[in-house]
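Fold and contact review
Below, each chain spelled out in residue letters.
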Amino acid sequence: MSETRHGHFEAALLDHARAAFPALASPWALFDNAGGSVPLAGVIERVRHYMSAHAVQLGAGYELSVRATSEVAAGHRAAELLLGAEPGEVALGSSTTINLKTLARALRPLFGPGDEVIITDLDHESNIGPWRELAADGVRVLEWGYSAATGALDASDLDALLSSRTRLVCFTHCSNVVGSIHDTAAIIRRVHEAGALACVDGVAVAPHRLVDVKALDADFYAVSLYKVYGPHLGMLYGRRDCLLRAKSQNHFFFGEDELPCKLEPGGPAHELAASLPAIPEYLLGLESRLPGGGNGTDRERLARAFGAIAAHEEALAAPLLEWLGSRAGVRVIGEPGADRAGRVPTIAFTVDGRDSAAIPAALDSGKVAIRFGHFYARRAIERMGLLERNGIVRVSMAHYNTPAEVDRLIAALDLALGR
Ligand SMILES: Cc1ncc(COP(=O)(O)O)c(C=O)c1O
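Residues numbered from 1 in each chain as written. Predicted model: local features only at pLDDT ≥ 70, side-chain atom pairs only at ≥ 80, totals over all residues.

With respect to the sheet that holds strand S3 (residues 116-120)
Selection criterion: Strands are treated as partners if at least two bridges between them are detected by DSSP. Counting from the N terminus, the helices are the DSSP runs of H or I reaching at least four residues and the strands are the DSSP runs of E reaching at least two. Axis angles are defined between N-to-C directions and span 0 to 180 degrees, where every axis is a line fitted to C-alpha atoms and, for a helix, only to the segment in contact.
Read across the open sheet, the 7 strands follow the order S2-S8-S7-S6-S5-S3-S4; overall the sheet is mixed. Unpaired on one side and paired on the other, strand S2 (90-93) and strand S4 (140-144) mark the two borders of the sheet. In this sheet, adjacent strand axes meet at a mean angle of 20° when their direction is disregarded.

In structure tokens form, the structure reads like this:
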């Protein structure tokens, strides 16, 4: 199988991909994937297997417990593989929201009055709120505003905020509202030059690109697995030395060098952690169907799988963006083009004179699922002046969407918007 010249998966590869997601058998065309992707059959099967074969507690010496322990450990290894992390560098928690709250508590003792933390007004609230709360300890919290012209963060605006007092910069790799990808490696370089650490929200990019925390040189990096075809869990990467400096949030008898469990109070849901190997397994299976597939390290093969995914998603997004751009009264917020260098296929728009809530509702009868709102990036939507009209309309695609579904979406929007 190969990609076509146009970037779409060939039909057989797309069929193979779709067959791996049982929920896609429904008649709905799902374009709310930035909210959450549907789970892989392999994930569902592993949860079922774990719970039916040996859902006993971890860490005991009897055989069932040994097997359970090793399956949960395999989940950690899969999480590390997905992010390009070293063993022990990825904590699993119930969500990115919880993981970042835990991280903020773990870093809090490292900051003192007069220290500065930079947050943005573009991020999902999970990477803003916990850091704003540090102000109660005398930490100065500075806001890096997104550019009104592009809907994205402008690195030069960060320079004006960085100083010798900066301890941490928290920003998003990719906006979950407008889909713009930031040059995260370059931003982290600037942050490190200022002597600070970077905490990156990678939730919106991870379903579309292979994350490489080492190439980015991130200090902390968060991803939600239920948006990457997995179960409802979050992965929090911390570079080993950063995790060692953070204060344990687990019981007092856990050592500061016990990685990553010092940042996993209560532990992850075992059956969900045990399901994670199904995600790289699926992606490697996809890669093996590409020309020249099946060769190289798992990371190289995952990179090829995501390369094909990005090309297919760009080809899916292009006709929608073109159509939206051609409609009078429709305003696309963010990157107007589909070029995968600048965006993921998460597309935000408003329609003049229409409340954003009205548009998705008009698509329900055609079983096309899209969504409106602020998507918990409430500060960004407020700054756009769009809160009162129910935010933006968001179409968010995944690699298992088809060109025919995009045609259906455009036809349904055409009807909903009228002449
Ligand atoms: C960009 C981004 N960051 C963080 C989150 C929060 O993730 P979780 O639901 O795992 O707390 C979301 C969820 O929508 C998101 O889109």
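Right, picking up where we left off after that structure.
As for unusual backbone geometry
For the peptide bond that leads from Leu259 to Pro260, omega is -5°, which places it in the cis range. One can find Pro260 in the loop between helix H9 (240-245) and helix H10 (270-273). Although it is not a glycine, Lys367 sits at a positive phi angle of roughly 55°. Position of Lys367 among the secondary structure elements: in the loop between helix H13 (358-363) and strand S11 (368-369). Positive phi, close to 65°, is recorded for Asn390, a residue that is not glycine. Among the secondary structure elements, Asn390 is positioned in the loop between helix H14 (378-383) and strand S13 (392-396).

Digging into the packing of helix H11 (residues 278-288) against helix H12 (residues 298-326)
Quick note on the threshold: Here the word oblique covers every angle except those under 35 degrees (roughly parallel), over 145 (roughly antiparallel) and from 65 to 115 (roughly perpendicular). This entry defines residue contacts through backbone-placed C-beta atoms, with two residues in contact when those atoms are within 7 Å. Polarity classes work like this: nonpolar for Ala, Val, Leu, Ile, Met, Phe, Trp, Tyr, Cys and Pro, charged for Asp, Glu, Lys and Arg, and polar for all others, with Gly in that last group.
Packing of H11 against H12 leaves a shortest axis separation of 8 Å and a crossing angle of 70°. Judged on the interaxial angle alone, H12 and H11 are roughly perpendicular. Packed against H11, whose contacting residues are Pro280, Leu283, Leu284, Leu286 and Glu287, the element H12 presents Asp298, Arg301, Leu302, Arg304 and Ala305 at the interface. Considered class by class, the residues forming the contact of H11 with H12 number 6 nonpolar, no polar and 4 charged.

Concerning the pairing of S3
This is how it is decided: In this scheme the burial state of a residue depends on its C-beta neighbours within 10 Å: 20 or more other such atoms mean buried, 12 or fewer mean exposed, and anything in between means partly exposed; the C-beta positions come from the backbone.
Of all 5 residues in S3, 5 are buried; the element is thus mostly enclosed. Side chains Glu116, Ile118 and Thr120 project from S3 onto one buried face, and the interleaved Val117 and Ile119 project onto a second face that is buried too. Here S3 runs beside S4; their pairing, made up of 5 bridges, is parallel. Bridge pairing in S4 links Ile118 to Leu142. Pairing between S3 and strand S5 (residues 166-172): 3 bridges, direction parallel. Each residue of the ladder has a partner; that of Glu116, found in S5, is Thr166.

Concerning the domain arrangement of the protein
As a reminder of what qualifies: Start and end points for every domain follow an automatic or database-based domain assignment.
The domain architecture assigned to the protein consists of domain 1 (11-38 + 302-417) and domain 2 (45-279). If you average the C-alpha positions of domain 1 and of domain 2, the two centres end up 26 Å apart. At the interface, 31 residues of domain 1 touch 27 residues of domain 2. Of all elements in the fold, only H12, strand S10 (346-351), H14 and S13 reach the threshold of two or more residues within the side of domain 1 that touches domain 2. For the side of domain 1 that touches domain 2, the element with the most residues is H12, which contributes 6 residues. Taken together, the residues that form the side of domain 1 that touches domain 2 break down as 18 nonpolar, 6 polar and 7 charged.

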